[in-house]
Amino acid sequence: MNQEYEQEDGPGDEAAATRRDAGDAESSRASRGWWDRNADEYQNEHGAFLGDDRFVWGPEGLDEAEAGLLGPAGSLKGLDVLEIGAGAAQCSRWLAAQGARPVALDLSHRQLQHALRIGEDVPLVEADAGVLPFRDGAFDLACSAYGAVPFVADPVKVFREVRRVLRPGGRWVFSVTHPIRWAFPDEPGPEGLSVAASYFDRTPYVEQDEHGRAVYVEHHRTIGDRVRDVVAGGFRLVDLVEPEWPGWNSQEWGGWSPLRGNLIPGTAIFVCEKD
């Protein structure tokens, strides 16, 4: 359920939205291209909200500094942390400020260029989340705020890779669009409050050019699917957080808004551990 796509793939070739199957390779290729094309607009529009060194889990504005889903801020010092789908590495900078040793990984070269623009204080890696270029047991923690997981056809593959690079007892925390959101139109106003699609339709949301090539892909899972994927990936689910919309947050972000946020959840955060 694309929140941002407005650009054209080429002169006169605006992407058309549909629901159809999209495999691993097509999804990865589309995600890399979309984020490379749209990184500038995304950072211009949302950079102030995200900050340069703030760890926000989603459009509600839930801050890791208060949520402590990775653990108390004071416990992060000296830990090796992998951020997946890091974008401009805002979350990694916050982790570094707590004394952690973060590595920011993203599929998009342009997103990582924005990370360099903000500052060169965090190691950056351009790679696919399904094939992590790290040795076994390299990290104490892994995290992802709306990165990678919603855009991959095979999340279990990603989870198994994350488990491989985590040390025993390592925590993996990731946020995604709340699955219930897929049943509603992607509109922030009253028109977005009526069910328009089946919650159980797992068909990927695809935006494609006039030749049928995917330029954006997002994959839907139900809550049950997500839990089963976590378990199949070798993790134990510790918590499932559904942030409520706070009174201070008046912004609209795609289909997210105070109106909808006070009625239905927009984000789901999965807190997992490797035994």
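Whatever comes next refers back to the structure up there.
Before going into details, it helps to say that this report is about the structure given with it. Quantities reported herein were computed from a predicted structural model and do not represent experimental measurements.

Here is what the cut-offs are and how they apply
Residues numbered from 1 in each chain as written. Predicted model: local features only at pLDDT ≥ 70, side-chain atom pairs only at ≥ 80, totals over all residues. Heavy atoms only, no water. Helix = DSSP H or I, 4+ residues; strand = E, 2+ residues; numbered from the N terminus. Contact = heavy atoms within 4.5 Å. Core = buried A, V, L, I, M, F, W, Y, C linked by side-chain atoms within 4.5 Å. Buried < 20%, exposed > 50% of the residue type's maximum accessible area, 1.4 Å probe, protein only. Pairing = 2+ DSSP bridges. Axes fitted to C-alpha atoms, helices over the stretch in contact; angles between N-to-C directions. Parallel < 35°, antiparallel > 145°, perpendicular 65-115°, else oblique. Left-handed = near helix turned anticlockwise from the far one by under 90°. Nonpolar A, V, L, I, M, F, W, Y, C, P; charged D, E, K, R; others polar. Salt bridge = Lys/Arg side-chain N within 4 Å of Asp/Glu carboxyl O. Arc of directions from axis to C-beta. Phe/Tyr/Trp six-rings, centres within 6.5 Å; stacked < 30°, edge-to-face > 60°. Lys NZ or Arg CZ within 6 Å of the ring centre and 35° of its normal.

A separate point is the environment of Gly169. Its place among the elements puts Gly169 in strand β6 (residues 166-177). When the C-alpha atoms of Gly169 and Ala65 are compared, they prove to be 22 Å apart, with 104 residues separating the residues in sequence. Residues contacting Gly169, with those up to four places away along its chain left out, are Lys274 and Asp275.

The next thing to look at is the nonpolar core. Judged by nonpolar contacts, the single largest core of 33 residues is most densely connected at Leu82, Ile84, Phe134, Val162, Trp172 and Phe174. Beyond its immediate chain neighbours, meaning those up to four positions away, Ile84 contacts Leu105, Ala129, Leu132, Cys143, Ser144, Gly147, Ala148, Val162 and Trp172. Counting residues in hydrophobic clusters, the runner-up holds 18 residues, among them Leu70, Val81, Val241 and Ile269.

Glancing now at the sheet that holds strand β7 (residues 205-208). The sheet built from three strands is open, its strands ordered β1-β7-β8 with antiparallel pairing. Every other strand in the sheet has two partners, leaving β1 (16-19) and β8 (214-218) as the edge strands with one partner each. Across the sheet, the mean angle from the axis of one strand to that of its neighbour is 25 degrees, orientation sign disregarded. Examined bridge by bridge, β1 and β7 share four bridges and lie antiparallel to one another.

For the rest of this paragraph, the subject is the environment of Thr222. With respect to the helices and strands, the residue Thr222 is situated in the loop between β8 and α6 (223-232). Sequence separation of Thr222 and Arg202 is 20 residues, and the distance between their C-alpha atoms is 7.9 Å. Discounting chain neighbours no more than four positions away, the residues touching Thr222 are Pro179, Tyr199, Phe200, Arg202 and Arg228.

Viewed as axis vectors pointing N to C, helix α5 (residues 155-165) and α6 meet at an angle of 40 degrees, and their least axial separation amounts to 8 Å. The angle between α5 and α6 falls in the class oblique. Crossing angle aside, the handedness with which α5 passes α6 is right-handed. Residues Pro155, Val156, Phe159 and Arg160 of α5 form the contact with α6, whose participating residues are Arg226, Asp229, Val230 and Ala232. Classifying every residue of the contact of α5 with α6 gives five nonpolar, no polar and three charged.

So, on to the sheet that holds strand β2 (residues 80-84). As summarised here, the arrangement of the seven strands in space is β4-β3-β2-β5-β6-β10-β9, forming an open sheet in which the pairing is mixed. Since the sheet does not close on itself, it has two edges, and those belong to β4 (124-126) and β9 (236-241), each with one partner. Each strand of the sheet is rotated relative to its neighbour by a mean of 20 degrees, with strand direction disregarded. Summarising the sheet, β2 and strand β3 (residues 101-106) pair through five bridges and their orientation is parallel. Among the inter-strand pairings, Asp80 is bridged to a residue of β3, identified as Arg101. The strands that α5 touches are β2, β5 (139-145) and β6; relative to β6, the one it contacts most, it runs at about 145 degrees.

Tallied over the entire structure, the rule returns 20 salt bridges. Put simply, Asp24 and Lys157 hold a salt bridge, and the shortest N to O gap is 3.6 Å. In this pair, Asp24 sits in helix α1 (residues 24-50) while Lys157 sits in helix α5, placing the two residues 133 residues apart along the sequence. By relative accessible area, which is 33% here, Asp24 ends up partly exposed. When salt bridges that share partners are traced, they join Asp80, Arg101, Asp140 and Arg167 into one network.

Moving on, we come to α6. In an α-helix, one turn spans 3.6 residues, which is why side chains three or four residues apart end up on the same side. When α6 is considered as a whole, its buried residues turn out to be Ile223, Asp225, Arg226, Asp229 and Val230. In a view along the axis of α6, the buried residues occupy a sector of 160 degrees, so they form one face of it. α6 presents Arg228 and Val231 as exposed residues on the side facing more than 90 degrees away from its buried surface. Check the buried side of α6 and you find it contacts α5, β6, β9 and β10 (267-273).

Looking now at the packing of aromatic side chains. Aromatic rings in a pair are described by how distant their centres are and how their planes are angled relative to each other. Taken as a whole, this structure holds 17 aromatic pairs when the rule is applied. With a centroid separation of 6.0 Å and 85 degrees between ring planes, the pair formed by Phe55 and Trp94 is classed as edge-to-face. Here Phe55, found in the loop between α1 and α2 (64-67), pairs with Trp94, found in helix α3 (residues 90-97); they are 39 residues apart in sequence, far enough to count as distant. Both residues of the pair, Phe55 and Trp94, count as buried. Relative to Phe270, the ring of Phe174 lies with its centre 5.1 Å away and its plane at 10 degrees, an arrangement referred to as stacked. One end of the pair, Phe174, is in strand β6; the other, Phe270, is in strand β10, with 96 residues separating them in the sequence. For the pair Phe174 and Phe270, one class covers both residues: buried. What links up through ring pairs into an aromatic cluster is the set Trp34, Trp35, Tyr42, Phe49, Phe151, Tyr205, Tyr216 and Trp253. Note that Arg54 overlies the ring of Phe49, its terminal NZ or CZ placed 5.2 Å from the centroid. The ring centre of Trp256 lies 4.6 Å from the NZ or CZ of Arg181, which sits over that ring.

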